[in-house]
Amino acid sequence: MGKEDIIKKGDLYFPGEELKKGAQLKDEAIYQKAAKDPVKFWEELAQDLKWSKKWEKGFSHDPPYFEWFKGGKINITQNALDENLKERANKPALIWIPEPIEEQARVLSYQELLREVNKFSNVLKKLGVKKGDRVGIYLPMVPEAIIAMLSCARIGAVHSVVFSAFSPAALKIRLQDTGAKILITADGYYRRGKIMNLKENADEGVKETEVEKVIVVKRAGNEIPWQEGRDLWWHELVKDESDQCQPEIMDSEDLLFLLATSGSTGHPKQIMHTCGGYAVQAKFTGKWIFDWHENDIFWCTADIGWITGHTYGVYSPLLNGITTLIFEGAPDWPEPDRWCQIVDKHQVTVFYTAPTAIRMFEKYGEDFLKKHKLDSLRILGSVGEIFDEAAWYWYFEKVGKRRCPIVDTWWQTESGGILISSLPGMGPFKPSFIGLPFPGVKIDILDNKGKSLGPDQQGNLVILPPFAPGFLRGVYKNSKKYLETYWKQYGKEIYFTSDAAYRDKAGLVRIVGRVDDVIKVAGHRITIGELESAIALHEDIIGCAVVGKPDEIKGEVPIAFVVSKKTEKPVEQLKKEVVEQVKKEIGPIVLPQEVYLVEDLPKTRSGKIMRRILKKLFTGEPLGDLSTLANPQSVEKIKKIVCG
Ligand code: PRX
């Protein structure tokens, strides 16, 4: 590509002529067209998929519930696999990169992937799994993770993936909540050169659940405990299975999957996603935002345990017939240039990651980048957390060499697919701004009373009807949570995102952060309540408060303040045990960076812990008026401990 790939105008960047010419979308008229009649707009897109029966109604709304493509019949795997056989049977659907350098990549063509999915679908059926049954998946980034998800979708079972770094306790809650009778896991996987024994965790996690069978993928060959009768090897089950399996014809509104996201208490919420609408949104957001063309090799670095891995690691690329790449290992192991090696070797064209990873690489300096060409890259994407200007420029200049548009994509587990992002063929790209809502998505920014705010005024980001087809349809078995979390603030017709944001004069959205008690640690979403509930389970702890402290790389890190019973334990040991407690209840992904043992926590007279004051100890803001506290002296003491 030429020099004018990206053109700078003031503080905005636009695609140059060449980029524009080849882009999937280049005419801004699409925004007006979609805004005029969003339902019709999505219906037109839906026609691009294969339906066994066309829907009767595009959008039906019975606030706060709604449906898309009601009466339509579809199977997402028929669209993601069978439909691609006509022209792409031998094209790579999936490239899997194992962590050990000496191990070969595994490539599955569309035909091979479909065969594997069919075989495993037949296995599930023989084990008695039926349409609507929930199946737990606790797998690392291996091809079987994708095969397992697609097999569930093939037979109409509901997959419920649990991130493999979650602890046994976290797995247990998720299995209990979904009532899964089958769990699919692995013996182990590689992480930074070590083998992690996943099966041990799985065994612990299935206790006190309804799980009857555990299917085990042999990945690392490590020694594992085995329970005869319950445990079954994946490779033995699929060995003699037929590679033919007719897809179950699903109603558009049948459940496709459940995915847990953090809840305000220790208990996660199981977000419900359905078949038809999700498929439509997944297909077109991917196609247009990542500007996919036939030969694109797309790498989404998110684990399949998160919504990003579901939608853009699996469904969206396959629905578009392109090649998706997944990687088992840690980003900077054995060397910081591991990701660059993969990009060059497999000629990745579109790369999608999170700001935490970018900031981490930025710290390594530039030398590791210089060994690699990175010239296959066309488009760079970001997701999951605020993308600060410094990291944006580093990504744009050092990775994309000022050639690649950057699409910062805003969305949530609840939205199923991207809702706000600039489009590569149009722009504008503005550092630290997300861009415009995707065509057909209506947003607003409201003050606390519901008044719509003008340019540069900060308020709450909301999504207006008809939302988007891939939106959540509820919280599994908990309609109260659904109502309270999303439809209480502004009534049953306005979806409250819990994000604060503002728009510039051109309407580009900038995210400011969460307004609830969610913190984003390295892009992982966790609530204060979950961390506090985990810590409170420690026998010596009688009070605790967690706050998010700004962090240069991870965005935010949790800091715990704990009050303990009288104990003989040395302070340092107790602190370590608190960290261990979080590891045990949640996993190693969001450990408190610091634990402070304090005498008392600042409380109001009604007993509410004032976390806001604790947080200010780290942000440098003035502490403000403490006279309303029941115990103002506690703050001075804590300040001494924290600030010395
Ligand atoms: O606060 C927003 C932040 O992540 C939240 C959703 O988290 P989760 O459900 O884990 O989904 C993450 C991946 C889709 C949002 O409420 N967030 C997501 N994308 C961005 C973001 N914050 C700033 N910029 C983004 N691009």
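Up top you'll find the structure we're talking about.
## Focus: helix 3 (residues 38-46)
- The complete set of buried residues in helix 3 reads Pro 38, Val 39, Phe 41, Trp 42, Leu 45 and Ala 46. The buried side chains of helix 3 occupy one side of the element, clustering within an arc of 160 degrees when seen end-on.

## As for the sheet that holds strand 18 (residues 297-300)
- Pairing is mixed in the open sheet, where seven strands are placed in the order 7-6-19-18-20-21-22. Strand pairing shows two members of the sheet lacking a second neighbour, strand 7 (106-109) and strand 22 (406-409), which therefore form its edges. Each adjacent strand pair in this sheet contributes to an overall mean axis angle of 20 degrees, direction not counted.
- For strand 6 (residues 92-97) and strand 19 (residues 323-327), the ladder comprises four bridges, and the chain directions are parallel. Across the sheet, Ile 97 pairs through a bridge with Phe 327, a residue of strand 19.
- Strands strand 6, strand 18, strand 19 and strand 20 (350-353) of the sheet are contacted by helix 12 (residues 338-346), whose axis makes an angle of about 150 degrees with strand 19.

## Regarding the pattern of salt bridges
- All told, the structure shown has 49 salt bridges when counted by the stated rule.
- Between Arg 192 and Asp 332 there is a salt bridge, with its nearest N and O atoms 2.6 Å apart. Remark: Asp 332 occurs in the loop between strand 19 and helix 12 and Arg 192 occurs in the loop between strand 11 (188-191) and strand 12 (194-197); sequence separation between them is 140 residues.
- Exposure remark for Arg 192: the relative accessible area of 41% places this residue in the partly exposed category.
- Using a relative accessible area of 10% as the deciding quantity, one classes Asp 332 as buried.
- A salt bridge links Arg 514 to Asp 499, with the nearest nitrogen and oxygen atoms 3.8 Å apart.

## Some words on the sheet that holds strand 10 (residues 182-186)
- Taken in spatial order, the seven strands line up as 14-13-10-8-9-16-17 in an open sheet, and their pairing is mixed. Pairing within the sheet leaves two strands with one partner each, and these edge strands are strand 14 (231-233) and strand 17 (269-274). Here the average twist between neighbouring strands, direction ignored, is 25 degrees.

## Focus on the pairing of strand 29 (residues 541-551)
- Relative to strand 30 (residues 555-564), strand 29 runs antiparallel, the two being bridged by ten bridges. Residue pairing across strands places Ala 545 opposite Phe 561, the latter belonging to strand 30.
- What sits between strand 29 and strand 30 in their antiparallel hairpin is a turn of three residues.

## What to know about unusual backbone geometry
- A cis geometry characterises the amide bond from Trp 333 onward to Pro 334, with omega recorded as 0 degrees.
- Secondary-structure assignment places Pro 334 in the loop between strand 19 and helix 12.
- Geometrically, the link from Gly 427 to Pro 428 is a cis peptide bond, its omega value of -10 degrees lying close to zero.
- A positive phi is found at Gln 347, a non-glycine position, where the angle reads about 50 degrees.
- Mapped onto the elements, Gln 347 comes out in the loop between helix 12 and strand 20.

## Quick notes on helix 8 (residues 198-206)
- Buried within helix 8 we find Leu 198, Lys 199, Ala 202, Asp 203, Gly 205 and Val 206. Down the axis of helix 8, the sector holding all buried residues measures 165 degrees, keeping them to one side.
- The secondary structure elements touched by the buried residues of helix 8 are helix 7 (168-178), strand 10, strand 11, strand 12, strand 13 (213-217) and strand 14.
- Measuring from the side-chain oxygen of the N-cap residue of helix 8 to the backbone nitrogen of Lys 199 gives 3.3 Å; that N-cap residue is Asn 197.
- Where helix 8 terminates, the next one or two residues include Glu 208, which has phi positive at roughly 60 degrees.

What counts, and at which threshold
Residues numbered from 1 in each chain as written. Predicted model: local features only at pLDDT ≥ 70, side-chain atom pairs only at ≥ 80, totals over all residues. Heavy atoms only, no water. Buried < 20%, exposed > 50% of the residue type's maximum accessible area, 1.4 Å probe, protein only. Helix = DSSP H or I, 4+ residues; strand = E, 2+ residues; numbered from the N terminus. Arc of directions from axis to C-beta. Pairing = 2+ DSSP bridges. Axes fitted to C-alpha atoms, helices over the stretch in contact; angles between N-to-C directions. Contact = heavy atoms within 4.5 Å. Salt bridge = Lys/Arg side-chain N within 4 Å of Asp/Glu carboxyl O. Polar contact = N/O pair within 3.5 Å; in protein donor to acceptor, adjacent residues only side chain to side chain.

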